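A look at the structure
Residue-level listing of the chains:
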Amino acid sequence: SGTFGLQSTRTDNPSVLGFLDTNDALGYTASVTWRQVFTPRFFGNTTYQYSRMSSRVTPFFQNRQNVSGDAGIGGNLQDARDWGPPTLTFASGITPLTDAGASFTRNQTSALSYSIFWGRGRHNVEAGIEYRRQEFNTLAQQDARGTFTFTGATTANDFAGFLLGVPDTSSIAYGNADKYFRASTYNSYLNDDWRVSPELTINAGIRWEYGSPITEIYNRLVNLDIAPGFSAASPVVATSPTGSVTGQRYPTSLLNPDRTGIEPRVGLSWRPIAGSSMVIRAGYGVYYNTSVYQNIAMQMAQQSPLSTSLSVANSVATPLSLANGFVTSSAITPTLFAVDPNFRVGYAQNWQMSVQRDLPGAMVMTATYLGIKGTRGIQEFLPNTYPTPAMNPCALCPSGFVYLASNGNSTREAGQIQLRRRLHNGFTATVQYTYSKAIDDVSALGGSATVATVQTAGPQAASATPGAAASTGSPSRPPTIAQNWLDLDAERGLSNFDQRHLLNVQAQYTTGMGIRGGTLLSGWRGALFKEWTVTSVISAGSGFPLTPVYLAAVPGTGVTGSIRPDYTGASLYSAPSGTFLNPAAYNAPPAGQWGNAGRNSIIGPGQFTLSGSLSRTFRLSDRFNLDARVDATNLLNHVTYPSWNTIINNPAQFGLPSSANPMRSLQTTIRVRF
């Protein structure tokens, strides 16, 4: 047997400033499977899969206008492909000037797997192995036009700094545009679905996963060789080690592999009282984040000496202007990114338990407890940096580079109560309330991950970001850099995706079902009325955590955004009229000290959305069906905000919404099936 799929998408992305970027993507997948049946309950599958996805991002200014060149800005890349303005960021909350970067990616994966199924008595045993080869081919610059940040540190006002052409920090990264990353993943599993008795089923298994660190076929990767205590650092460019037998030279990743991905998993379903509707389910599983290496390799490939990479603060030694903000000099040290060569792959331990029972009126109630413990989370910090004018105990020690390690951890615990009405007379509905709390001290957990429920060890088991458990609507944020590299425990706080309260309501009704619902209607009335399905989804929850920021450059670097203010003790939410947060709750950190405000110590605005759909299938003939569907997101066009401005440098903007959630959107789909 075999499958083939093709997908082509064209997307326009207009910015608030009117820049229209386009994204063209083309992807296809194919697979072929050979099944060999030894006995009716013993067979094996050999499968080969291939997928390829290409995507091209075309910025608004590409081949249109050389804004940087016309403005006399030097030092950034001014090829026609990367034309456009540099990114301008303001501490006061003024909308940044930014545009997407040009990119062309071509990723492909080949996978070969073999699995067997053996049913014997009360046991259904599955086992399998898989090899997967991944290629990530990218033609893109990290920050070709550069970034200027205006904090007001030099001119006392950020916008005045822009008008005077005096930025407070500048950063840029370009060169080595074409990158050809390669990686291999391996996995094997053994799983037993054991029907112990009519009241008890146990599903137990073990899985091993290994994802190799990513290499670049031309060895264009750079890391830092770090001396103990960060007392010295020097760039190390990847070289090709020689094979001991064949003499062939291979690319290297500069990272030591982590092959400890053993993942035990067990789940059970138990009916404690025979004949009762009560069912208890429980499970435990371990999941490794084998996809962690891709972003790391991208940063290792886009830095000096393979490319131009700078991050500089305005100072007497390095005076900045819009004209020369990206021009290198002997006083400027190239910015580098470093990762612990013994970086370990993070993993999450997931456990859950639920009790389900039927209630009168076709109702089902389920109470669930979920827990997640993440280990070896990513942490990023700036070695040898101290608050001004604190004395640096090692003035000659290297600084200005970001160091990435895997020493973070996270936890999430949640309780859920769900009430569901089974489909009856065309109507079904579910109401679910979740109370949860998530804490971590990591830099890149973010809202990109999803709840990883306990699964079997079979071929569909997925990797999970350590400790991740994002709720619907969780904001996606870039990795955060720790404020104090000597006190990473101070970064421990609420996770970005922590949402204390969440209520979900889903309802569906299909017309013409049940006597009272019109099932006896006939003729043209019946043909017009029956088989319409109306669905609605309501999601309401508390806000997500936000971090107060004192936007200034970390001394000795051009990095902004990691310094936090001092909490004054004033009520944060007793805000002046027209705002949501009290600016008097924070002050700039005292001289020579880091701010004491906690990471993610502000709770953002509450979230609400109502979505719905209307659909019907028209039977054109015995072989042809026509599906018509209309989907609406934010059906009421109700304005909600994802976050507030939490930069304290401008009290007039602090506590105001920084953006709005998407407005109402409608999508119509017509599909013919035959």
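Located above this text is the structure these notes cover.
Residues numbered from 1 in each chain as written. Predicted model: local features only at pLDDT ≥ 70, side-chain atom pairs only at ≥ 80, totals over all residues. Heavy atoms only, no water.

Attention now goes to the overall build of the protein chain. A tally of regular secondary structure across the protein chain gives 4 helices and 31 strands. Whereas a compact globule of 674 residues would reach a radius of gyration of roughly 26 Å, the protein chain reaches 28 Å, a difference of no more than 12%. Structurally, the protein chain occupies a C-alpha span of about 85 × 75 × 50 Å along its principal axes. In the protein chain, which comprises 674 residues, the proportion classed as buried is 43%. For the protein chain, long-range pairs separated by at least 24 residues make up 70% of all intrachain contacts whose partners lie at least 6 apart in sequence. (Helix = DSSP H or I, 4+ residues; strand = E, 2+ residues; numbered from the N terminus. Rg over C-alpha atoms; globule rule 2.2 N^0.38 Å. Buried < 20%, exposed > 50% of the residue type's maximum accessible area, 1.4 Å probe, protein only. Contact = heavy atoms within 4.5 Å.)

The next thing to look at is the pairing of strand β14 (residues 262-270). The pairing of strand β10 (residues 200-211) with β14 spans 9 bridges and is classified as antiparallel. From the neighbouring strand, Thr201 faces β14, where its bridge partner is Ser269. Bridge count for β14 against strand β15 (residues 279-288) is 6 bridges, and the pairing is antiparallel. Each bridged residue has a counterpart across the sheet, and for Arg265 the counterpart in β15 is Gly285. (Pairing = 2+ DSSP bridges.)

Turning our attention to the state of the cysteines. Under the counting rule described, the total for this entry stands at 1 disulfide. Two residues, Cys394 and Cys397, share a disulfide whose sulfurs are 1.6 Å apart. In this structure, the disulfide formed by Cys394 and Cys397 twists by about 75° around the S-S bond and is classed as right-handed. Judged by relative accessible area, which is 26%, Cys394 ranks as partly exposed. (Disulfide = S-S within 2.5 Å.)

On to the nonpolar core. Counting residues in each nonpolar core, the largest one holds 29 residues, and the members touching the most others are Ile296, Val339 and Phe343. Elements with a contribution of two residues or more to this core: β9 (178-197), β15, α3 (293-301), β17 (337-339) and β20 (402-424). It is α3 that contributes the most residues to this core, 5 residues altogether. When near neighbours in sequence (up to four residues on either side) are disregarded, Ile296 contacts Leu255, Phe337, Val339, Phe343 and Leu404. Counting residues in hydrophobic clusters, the runner-up holds 13 residues, among them Leu77, Leu88, Phe90 and Leu310. (Core = buried A, V, L, I, M, F, W, Y, C linked by side-chain atoms within 4.5 Å.)

Strands sit in the order β4-β7-β8-β16 across an open sheet of 4 strands; the sheet is mixed. Among the strands making up the open sheet, the edge pair consists of β4 (87-90) and β16 (308-313). The mean inter-strand angle of the sheet, taken between neighbouring strand axes irrespective of direction, is 15°. Two strands pair when backbone bridges link them, and strand β8 (residues 169-174) and β16 are joined in this way by 6 bridges, in the antiparallel orientation. (Axes fitted to C-alpha atoms, helices over the stretch in contact; angles between N-to-C directions.)

Glancing now at the packing of aromatic side chains. By convention here, two paired aromatic rings are described through the distance between centres and the angle between planes. Applying the stated criterion to the full structure yields 29 aromatic pairs. Pairing Phe19 with Phe61 gives two aromatic rings, centres 4.9 Å apart and planes at 70°, and the pair type is edge-to-face. Of this pair, Phe19 sits in the loop between β1 (2-14) and β2 (20-39) while Phe61 sits in the loop between β3 (42-58) and α1 (67-70), and the two are 42 residues apart along the sequence. Comparing Phe19 with Phe61, the two get one shared label, buried. Grouped by ring-pair contacts, the aromatic residues Phe230, Phe381, Tyr386, Tyr403 and Trp485 constitute a single cluster. Taking the ring centre of Phe104 as reference, the NZ or CZ of Arg56 above it sits at 4.0 Å. Above the plane of the ring of Phe60 lies Arg64, whose end atom (NZ or CZ) is 4.2 Å from the centre. (Phe/Tyr/Trp six-rings, centres within 6.5 Å; stacked < 30°, edge-to-face > 60°. Lys NZ or Arg CZ within 6 Å of the ring centre and 35° of its normal.)

Here we come to the pattern of salt bridges. On inspection of all chains with the given rule, the structure shows 19 salt bridges. In this structure, the salt-bridge partner of Arg207 is Glu209, at a minimum N-O distance of 3.7 Å. An identical accessibility class is assigned to Arg207 and Glu209; each is buried. Note that Asp440 and Arg599 form a salt bridge whose closest N and O atoms lie 2.8 Å from each other. Of this pair, Asp440 sits in strand β21 (residues 427-440) while Arg599 sits in the loop between β27 (586-587) and β28 (602-603), and the two are 159 residues apart along the sequence. Residue class for Asp440 comes out buried when judged on its relative accessible area of 1%. The network of salt bridges with shared partners includes Arg207, Glu209, Glu263 and Arg265. (Salt bridge = Lys/Arg side-chain N within 4 Å of Asp/Glu carboxyl O.)

The next point concerns α3. Within the sequence span of α3, burial applies to Tyr293, Ile296, Ala297, Met300 and Ala301. Considered in projection along α3, the buried side chains sweep an arc of 130° and stay on one side of the axis. Of the surrounding secondary structure, the elements contacted by the buried residues of α3 are β9, β10, β12 (222-226), β17 and β20. (Arc of directions from axis to C-beta.)

Tracing the backbone through its elements, the reader meets Asp70 in helix α1. For Asp70, a relative accessible area of 61% gives the class exposed.

On the surface, a nonpolar cluster with roughly 620 Å² of combined accessible area is contributed by Leu359, Met365, Ile417, Leu419, Val431, Tyr433, Tyr435 and Leu503. Top element by residues in the nonpolar patch is β21. It accounts for 3 residues. Tracing the sequence through the fold places Tyr435 in strand β21. Its relative accessible area of 43% is what places Tyr435 among the partly exposed residues. (Patch = residues over 30% accessible without salt bridge, like charges linked within 9 Å, V, L, I, M, F, W, Y side chains within 5 Å. Areas by Shrake-Rupley, 256 points an atom, 1.4 Å probe, with all protein chains shown as cover.)

On to the side chain of Asp440. A distance of 2.5 Å separates the side chain of Asp440 from the side chain of Ser495, its partner in a polar contact. Of note is the side chain of Asp440, whose polar atom sits 2.8 Å from the side chain of Arg599. (Polar contact = N/O pair within 3.5 Å; in protein donor to acceptor, adjacent residues only side chain to side chain.)

Right, let's talk about the environment of Arg422 for a bit. In this fold, Arg422 is placed in strand β20. Those residues within four positions of Arg422 in sequence are excluded, and the remaining contacts are Asp358, Ala362, Val364, Phe427 and Thr428. Side chain to side chain, Arg422 and Asp358 meet in a polar contact 3.2 Å long.

Our next topic: unusual backbone geometry. Residue Ser304 is joined to Pro305 through a cis peptide bond whose omega torsion reads 5°. Among the structural elements, Pro305 can be located in the loop between α3 and β16. The phi dihedral of Phe230 falls on the positive side, at around 55°, and the residue is not glycine. Among the structural elements, Phe230 can be located in the loop between β12 and β13 (233-237). Residue Phe230 is classed as buried on the basis of its relative accessible area of 16%.

Position of Thr366 relative to the elements: it lies in strand β19 (residues 363-381). A relative accessible area of 13% places Thr366 in the buried class.

Attention shifts here to the environment of Met391. Among the secondary structure elements, Met391 is positioned in the loop between β19 and β20. Sequence separation between Met391 and Gly592 is 201 residues; the distance between their C-alpha atoms is 8.3 Å.

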